[in-house]
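So the chains spell out like this:
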Amino acid sequence: MSCSKATPTDLYLERLALETQDRKERYTLLVGDLDKHEIASLHAALGGNSDDQSDDPAALSVGRRLALAYAEPPLAPPKVLSTDAAGITRLRTAPAMQRTPLAPQRWSTNPFVNIGRRFKRWVNGDVGRRKRESPSASWKWVASRRRWVLLVLIFGQSIIAANQMRTVLPGQGLQWLEITILALFVLLFAWVSAGFWTALMGFFQLLRRHDRYAIDSEVGDQPIDDEARTALLVPICNEDVARVFAGVRATLESLRSTGNDRHFDIFILSDTSDPDIAIQETYAWLVLCRDLEAFGQVFYRRRQRRVKRKSGNLDDFCRRWGALYRYMLVLDADSVMSGKCLTRLVQMMEVHSKVGIIQTAPRASGRLNLYARMQQFATRVYGPLFTAGLHFWQLGESHYWGHNAIIRLAPFMQHCILAPLPGKGSMSGEILSHDFVEAALMRRAGWGVWIAYKLEGSFEEMPPNLLDELNRDRRWCHGNLMNFRLFFSQGIHPVHRAVFLTGLMSYLSAPLWCLFLILSTALLAVHTFTTPNYFPEPGMMFPVWPQWNPMLAVGLFGVTALLLFLPKLLSVLLVWIQGSREFGGPLKVLTSMVLESLFSMLLAPVRMLFHTRFVLTSLMGWAVQWRSPSRENSDTTWGDALRAHWSQTLIGAVWAAGVYVMEPTFLWWLSPIVVSLMLSIPVSALSSRVSLGKFCFQKRLFRIPEETQPPRVLRRMVSLLNRMNTGMAAPSFAQVVVDPVPNALATALGTSRHTDVEPLRRRRAERVSHAVSMGPAGMSRLERLDFLDDPVMMSQLHYHIWDDSKAHHSWFDYGLPGRESKHLPTFS
């Protein structure tokens, strides 16, 4: 104890009085006769219980401690703050469960087995019975016709380009090295061509404005059925707590402004493994519920058994409470959605009874770094073309990106629970990128998957710098490689097989481009260091001369550049037509497009090498670190940039030197690649600077409408975030153990309320004794989480630290750092 003259009960009552609201109660605590009791008797007296021989004395006073600290208004309504079967005060953070059994279907990924099963069904004559119900609509015939046109455009364009490329090669594409280069070129050109035609169709779709096949084309402002309840799910894991709850609160306030909030509940689903962040989450949940009187509408659950990451968290919700709701709307930790957008999504679902998923097109905003602001500009200006283009080709068999989307719960629970991929190794086990797979399963079951590409009011945030984006891409790469195993899975619609293929090509294109460039350099080396064979076939009378056609090469390069950059020019043209003032004006938006394009050219070779490494390490089975992305406007230090990019810089320098030795003129063709690699360190570090981002904002560069005229829900989120960052101070783990009121709150929030049996009682006693003697520093994260989950261990640890004179001194050093109050703040 810090004071030898004061008894433990004196210090305890003084600390409790610091948090007590009522003056009379505070006076009673300080001058009454409670200080004459032992710690066990003190808790019994506080709880109004004469039994001071309890095995868990501190549990008796939990309710009284909370009542003293939160007298007016009370901490929570009686239905939320109640007692459990043992009489211990309990703060219920989630509604009563209505369990639904969920059973994932085993995967069948072997194409030969699937063909055999299909043949067997055909022999037995039950092919018709195996076909699932599918919504009959004219869009399916239209979509099929459009996709055939897309295939003709892609392959026709690629064949023409391949023939052009063949004439560029010195051996006319007849040598084995040239054949390999030509094959890679055709594959990569087809990939570029698919993006071009998608953007072009999106441009005409947005230019025309009216789309008869848009999911909201037949939806009015119909009132929502009282039975159509929707759960907003916010899965989080070790996130920035202030950012998460500022977004949730802004979304709820916007929803209430529409008058439709009674149809919605919000669930914060936590997989957090950091005990201090877990405490911050519970305090933020309590503050939100108290400020907005949202008990019974906003719920919080932290899983103790964290399996399958985000998809497992959604499965856990469906199993416990899915039967209570018709829809669920999945948000990310950085998502914000307006009440009008949420209402509109439910109205669409109500009108279209055969739709399983409707995905919005989230708009990126909120970042200040130069890198992030350029990415925000790109997604805001170019993104609508590609999203509208995807809708044009896919219609009711579209993408689902895992967040800012509404899902019909009944078919999701029946068909979309994910089984692990069979086998061993890095490409088996839990499915990492669950969203594409869930969309494919929903469509396999006969339900439509649509993109509401014109719906406004859906927002997200971008990674603040290149390194954070690459960290995210590492996870996505592994997930997309795993998903491709499902390409031959039984019953998957061809469009979703194509989605798996595009997900694979998003990252496999990088090593293919890298291999293409390496082989092109090797071809140069072959023609530089070897004597040409003018008579490759025996008995030839006339020599075959190597032919270089630089003009044809320039033309082919120009066509490829046109496919890559014409969509950007069309995006700017569309902005000019629809109004460019919110983007900074006509000249500024064009300048921003040019600068962003140059910046993308600088980063393309860097991303190519990183993605190549990601693909190779994933296939080799190297572990993936699934860390939550940064939610801050963080700069990349020069040291971090050097550690991340030194190898790319070295590769660029060696590559340039080697090409210069072989053929100096070829270096001009390769200069965009090698110069970008050699500049990767300064580009990565400087582009992350917030100061440069603010400078460009002042010059009206990379402006987006969400910055020029921020929507109300975003303005509210930013305001709440600033206030929470300055006014929110949740206690540490040591404080919730030692401090009387935070401990009472933590005890009431504990969820592991097991039957009191002798083995469990003995195990709890051992762990409490170990924690008392070791201090907070001697406990692992997992041990701290176990104490936060178990109200009995939490209250027993609190009691023994105050009662045992041999308790480790650090408990009081860290648990009672000063006289500051840990009262819940308010942000009303």
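Rules used in this analysis
Residues numbered from 1 in each chain as written. Predicted model: local features only at pLDDT ≥ 70, side-chain atom pairs only at ≥ 80, totals over all residues. Heavy atoms only, no water. Axes fitted to C-alpha atoms, helices over the stretch in contact; angles between N-to-C directions. Helix = DSSP H or I, 4+ residues; strand = E, 2+ residues; numbered from the N terminus. Parallel < 35°, antiparallel > 145°, perpendicular 65-115°, else oblique. Left-handed = near helix turned anticlockwise from the far one by under 90°. Contact = heavy atoms within 4.5 Å. Nonpolar A, V, L, I, M, F, W, Y, C, P; charged D, E, K, R; others polar. Phe/Tyr/Trp six-rings, centres within 6.5 Å; stacked < 30°, edge-to-face > 60°. Buried < 20%, exposed > 50% of the residue type's maximum accessible area, 1.4 Å probe, protein only. Pairing = 2+ DSSP bridges. Right-handed = clockwise from strand over helix to strand, strands pointing away. Core = buried A, V, L, I, M, F, W, Y, C linked by side-chain atoms within 4.5 Å. Expected span 1.5 Å × (residues − 1). Bend = angle between axes of the 7 residues up to and from the residue.

Draft legend 1. Examining the packing of helix H29 (residues 758–774) against helix H30 (residues 781–789) more closely. Remark: H29 packs on H30, axes separated minimally by 12 Å, with the N-to-C direction vectors making an angle of 120°. Regarding the angle of H29 to H30, the classification is oblique. H30 is crossed by H29, and the crossing has left-handed handedness. Across the interface between the two elements, Arg767, Val768, His770 and Ala771 from H29 touch Glu783, Asp786 and Phe787 from H30. For the contact of H29 with H30, the per-class residue count stands at three nonpolar, one polar and three charged.

Draft legend 2. Layout of the packing of aromatic side chains. Within this structure, the stated rule accounts for 23 aromatic pairs. Residues Phe203 and Phe204 carry aromatic rings whose centres are separated by 5.5 Å and whose planes lie at 65° to one another, so their mutual orientation is edge-to-face. Overall, Phe203 belongs to the buried group, its relative accessible area being 5%. Since its relative accessible area comes to 45%, Phe204 is described here as partly exposed. For the ring pair Phe317 and Tyr325, a centre distance of 6.1 Å and an interplane angle of 35° mean the geometry is tilted.

Draft legend 3. Main features of the sheet that holds strand E9 (residues 363–364). One open sheet accounts for three strands, arranged E7-E12-E9; its pairing is mixed. The open sheet terminates on both sides in strands that have one partner only, identified here as strand E7 (336–337) and E9. Pairing between E9 and strand E12 (residues 458–460): two bridges, direction parallel. Residue pairing in the sheet places Arg363 in a bridge with Phe459 of E12.

Draft legend 4. Examining the pairing of strand E4 (residues 264–270) more closely. E4 sits mainly inside the fold: seven of its seven residues count as buried. Relative to E4, strand E3 (residues 230–236) is paired through seven bridges, and the arrangement is parallel. Pairing of Pro235 across the sheet is with Leu269, part of E4. Following the chain from E4 across helix H10 (residues 275–292) to the adjacent parallel strand E5 (residues 298–302), one finds a crossover that is right-handed.

Draft legend 5. Inspection of the nonpolar core at higher detail. Counting residues in each nonpolar core, the largest one holds 120 residues, and the members touching the most others are Trp107, Phe267, Phe317 and Met328. With 16 residues, the single largest contributor to this core is helix H8 (residues 176–208). Contact partners of Met328, with chain neighbours within four places excluded, come to Thr230, Ala231, Leu233, Phe317, Cys318, Ala405, Ile406, Ile407, Leu409 and Phe412.

Draft legend 6. Representation of the side chain of Ser571 within the structure. Here Ser571 shows up in helix H19 (residues 550–578). Those residues within four positions of Ser571 in sequence are excluded, and the remaining contacts are Val381, Tyr382 and Leu385.

Draft legend 7. Focus on the packing of helix H20 (residues 586–620) against helix H22 (residues 666–678). One way to put it is that H20 packs onto H22 with a least axis distance of 8 Å and a crossing angle of 80°. As judged from the angle between their axes, H20 and H22 are roughly perpendicular. Contacts from Met601, Leu602, Pro605, Val606 and Leu609 of H20 reach H22 at Pro672, Ile673, Ser676 and Leu677. Within the contact of H20 with H22, the residues separate by chemical class into eight nonpolar, one polar and no charged.

Draft legend 8. Representation of H20. Counted at 1.5 Å a residue, the expected span for H20 with its 35 residues is 51 Å, and the 49 Å between its end C-alpha atoms agrees. Bending of H20 peaks at approximately 35° at the position of Leu603, with proline Pro605 no more than four residues after it. Positioned one or two residues after H20, Gly621 has a phi angle of 90°, which is positive.

Draft legend 9. Spotlight on the sheet that holds strand E6 (residues 327–330). Read across the open sheet, the seven strands follow the order E5-E4-E3-E6-E10-E8-E11; overall the sheet is mixed. Across the chains shown, the open sheet's two edge strands, defined by having one partner strand only, are E5 and strand E11 (448–452). The sheet shows a mean angle of 20° between the axes of neighbouring strands, taken without regard to direction. Lying over the sheet, helix H11 (residues 309–321) contacts E3, E4, E5 and E6, oriented at roughly 145° with respect to E3.

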